[in-house]
Amino acid sequence: MKPYLFLFAILLSVSSLYSKELSVKKCGTFSPNKREMLNHIFNRDLKAGETLQEREVPELDKEYTSPKGRFLIHYTLTGDNAVDKVDVDKNGVPDYVDSTAYFLDQALDYQVDKLGMVKPKSDGNKGGNGLYDVYLLDLGCNKYLGFYGVTIPDGSQYPTSSYILIDNNFSKDDGYYDAGVFVVPFNTFGYDALKVTCAHEFNHAIQFSYEQYTDKTDVLAEMTSVAFEYIMHPEVKDYIFNMNIFQKYPNKMSLFSSEASDGYYWAVLFIKMLENGYTPEFIPTFWKNTEKYDYLYDNLNATIKAYKPDSDIDKEVIELADYLYHTKSKASLGKHFADAKDLDSLKFITARFYSAPSIMGSGKLVPYAYFPMRIVMKNEKTKINDTLSIILINLSKEMLTSNYMQSNPFSYKMTELNSNSECDTTINNKYCFKLESKNSFIAKYYCDAISNSSADFLTLRDNAFPNPYTRESSFIAFPLDEKVENDVAHLSIYSIE
C-alpha cells in the first residue's frame, strides 16, 4: 500500500466571543473611561467634565531625566508600582528606567528630528519641570487600566500638552479579574513590549500637538502609532496579534469607524503601504493634513496621491484584499506581507454549495470593510470540489461624513455558463458569477482547488478517522500524500450542509 503521512488536528473547545476578542486593550489613550482612570491613578475625585490640574503621584517617589534631557521618568522601587531593581551598568538607576528613557529619546529622534513631526507641546511645570513627563505604573494588574500604555492630553482642545503612562514591567504574570474572568493584558512582554509602547505612545503625544480639523482622527491616531511600532522595531511582532483579529472579523471593522480601536487593525493598511514602496515620510503628512481637511477620506486620499499619483485610498484598500487573502498556507513569498506565513488565514464569513441551475445570495456590509465568501461546486467526476473565493469590498462614500455607519446591501447570483451569460467572472468555463446589486461594491475573485483528477482520492478519503466526525473522539486524523509540496496542507471542515 502506498505510504501516507497523517496529519492530526486537535479539536479544542474555544469559547472566545467576538465581543471579547475585540475588547482586547492595547492603548488607553482614547478609552471612554478616562475619568475613572485618572481618579484611580492620581487619587482624585474628578467629576464629569473636570480636567486634572496637577499630576502628583505620591507613590512614585523617584525621578530620572533621559540622557538627552527631554523626558522626566517618574518611578518607584517599592509597592505595587515598583520597577525591577536590576542595575547591570551600576549607574544607580534601574535598567528598566534607563531603557524607558533610551527608547523615548529614540522615538523623539526618529519621529521629530528625522521625520519632521511636531514636537509635543510643553506642559510648563505640571510634572515638576518643563520636561515631558512619563509615569511608570502597574497598568497590567489593574482592571481600571489593563493597557500597555496611555497618553493623556492635558486639555480638551488641540493642540495641547500631554503625558504618558507606561506599564512598570510588562510581566507575563500580570493580569486581573474582570467579571470573574482572568484577563492577561499583554501579547508581548518585557523589553520588547517596552520598545513598541514607547514608539506608540510618543506618537500619540505628537498627535495632540497638531491643530486637528479632520473628523475621526482617533482611528488614524491608532493606525499611525501602530505603524511606528512596525517601522522602529520590526523585530517585535506585537502588531501581528491585532492583524490576526482583523483576519477573523474583516466585515466588522470600517476604515472610517468612530471606534479608535479599529485603528489597531487597520494599521495593516499602512504596513502594506510601507512594504509596497511608501517611505515613512508619508505618515507626518497625514497629520499636517489634519489641519487642512475636514474629512478623513479627503485627508487619506490627498496624502496617498501626493506620494503615489497613480493611486488613491480606494486602490490601496482594493489592493489590500490580495494581501489579506495571501496569508498562512496561501502566502506568496516576496509578493505580499513579509510576515504573511505568520498571519492567520482570512476567515470567510459564508460558504455555500452551488446547487444547479443557480444560487442567489445577499447580505450587508459597512462602508470600507471586507466580506469574504466562498461558493463550493461539487465535482462528482473526481470527488474533489472546485471553490470560488470572493472578497466583496464596500466602497460607498455616502456615510463617511456621518458618525453613524449604515450598512449597504449587496446581492449576487451564480448560474451555469451559457452564450447569453453576463458575468463578472467565470469559473472553469462552466459557471457564471455576477453581483446583481453592485451599488458601490467591487469583488476580488480567487479560484481555490480547481479540480484535478486523483486516482488515490478514495483511498485517502477512506483512511480519514473518524469519518464522519460525530464527536466521539477529541481529534481527527486525515492522510496526506507523500508528494505534498512544501510540507504545507490545508484542512477545510464543513458543516453537514
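An account of the accompanying structure is given in this report. Only a predicted model underlies this, so the values are computations on that prediction, with no experimental measurement involved.

**Considering the overall build of the protein**
Phase 1 of the analysis: Along the protein, the regular secondary structure elements total 11 helices and 17 strands.
Phase 2 of the analysis: In the protein, which comprises 497 residues, the proportion classed as buried is 51%.
Phase 3 of the analysis: Here the contacts in the protein between residues at least 6 apart in sequence split such that 67% fall between residues at least 24 apart.
Phase 4 of the analysis: For the protein, the exposed surface amounts to about 23800 Å²; the carbon and sulfur share of it is 49%.

**Re the pairing of strand S3 (residues 71–75)**
Phase 1 of the analysis: Burial of S3 is extensive: 5 of the 5 residues sit out of reach of the surface.
Phase 2 of the analysis: Residue alternation in S3 divides its side chains into two sets, Phe-71, Ile-73 and Tyr-75 and Leu-72 and His-74, and both sets are buried.
Phase 3 of the analysis: Looking at chain direction, strand S2 (residues 62–65) and S3 are connected through 4 bridges and run antiparallel. Residue pairing for S3: Lys-62 is matched across the bridge by Tyr-75.
Phase 4 of the analysis: In textbook terms, the turn of a hairpin is the stretch between consecutive antiparallel strands, and for S2 and S3 this stretch comprises 5 residues, one of which, Gly-69, has a positive phi near 65°.
Phase 5 of the analysis: Examined bridge by bridge, S3 and strand S4 (residues 132–137) share 4 bridges and lie parallel to one another. Bridging across to S4, Leu-72 finds its partner in Asp-133.
Phase 6 of the analysis: Chirality of the crossover, the property in question, places the unit of S3, helix H3 (residues 95–114) and S4 among those that are left-handed.

**Observations regarding the state of the cysteines**
Phase 1 of the analysis: With the rule as written, the count across this model stands at 1 disulfide.
Phase 2 of the analysis: The partner cysteine of Cys-423 in its disulfide is Cys-432, sulfur to sulfur 2.1 Å. Its torsion about the S-S bond being -120°, the disulfide of Cys-423 and Cys-432 is classed as left-handed.

**Things to note about the packing of aromatic side chains**
Phase 1 of the analysis: Following the criterion strictly, the structure yields 32 aromatic pairs and no others.
Phase 2 of the analysis: With a centroid separation of 5.0 Å and 85° between ring planes, the pair formed by Phe-256 and Tyr-368 is classed as edge-to-face. You can see Phe-256 sitting in the loop between helix H6 (239–248) and helix H7 (262–274) and its partner Tyr-368 sitting in the loop between strand S10 (358–365) and strand S11 (370–377), a full 112 residues away along the chain. Tyr-368 matches Phe-256 in its accessibility class, with the two residues each being buried.
Phase 3 of the analysis: The interplanar angle of 65° and the centroid separation of 6.1 Å between the aromatic rings of Tyr-297 and Tyr-368 together place this pair among those described as edge-to-face. Of the two residues, Tyr-297 sits in helix H9 (residues 296–307) while Tyr-368 sits in the loop between S10 and S11, which places them 71 residues apart along the sequence.
Phase 4 of the analysis: Counting every residue linked through ring pairs, the aromatic cluster contains Phe-270, Tyr-278, Phe-282 and Phe-286.
Phase 5 of the analysis: Positioned over the ring face of Tyr-148 is Lys-26, at 4.6 Å from the centre of the ring.

What counts as what
Residues numbered from 1 in each chain as written. Predicted model: local features only at pLDDT ≥ 70, side-chain atom pairs only at ≥ 80, totals over all residues. Heavy atoms only, no water. Helix = DSSP H or I, 4+ residues; strand = E, 2+ residues; numbered from the N terminus. Buried < 20%, exposed > 50% of the residue type's maximum accessible area, 1.4 Å probe, protein only. Contact = heavy atoms within 4.5 Å. Areas by Shrake-Rupley, 256 points an atom, 1.4 Å probe, with all protein chains shown as cover. Pairing = 2+ DSSP bridges. Right-handed = clockwise from strand over helix to strand, strands pointing away. Disulfide = S-S within 2.5 Å. Phe/Tyr/Trp six-rings, centres within 6.5 Å; stacked < 30°, edge-to-face > 60°. Lys NZ or Arg CZ within 6 Å of the ring centre and 35° of its normal.

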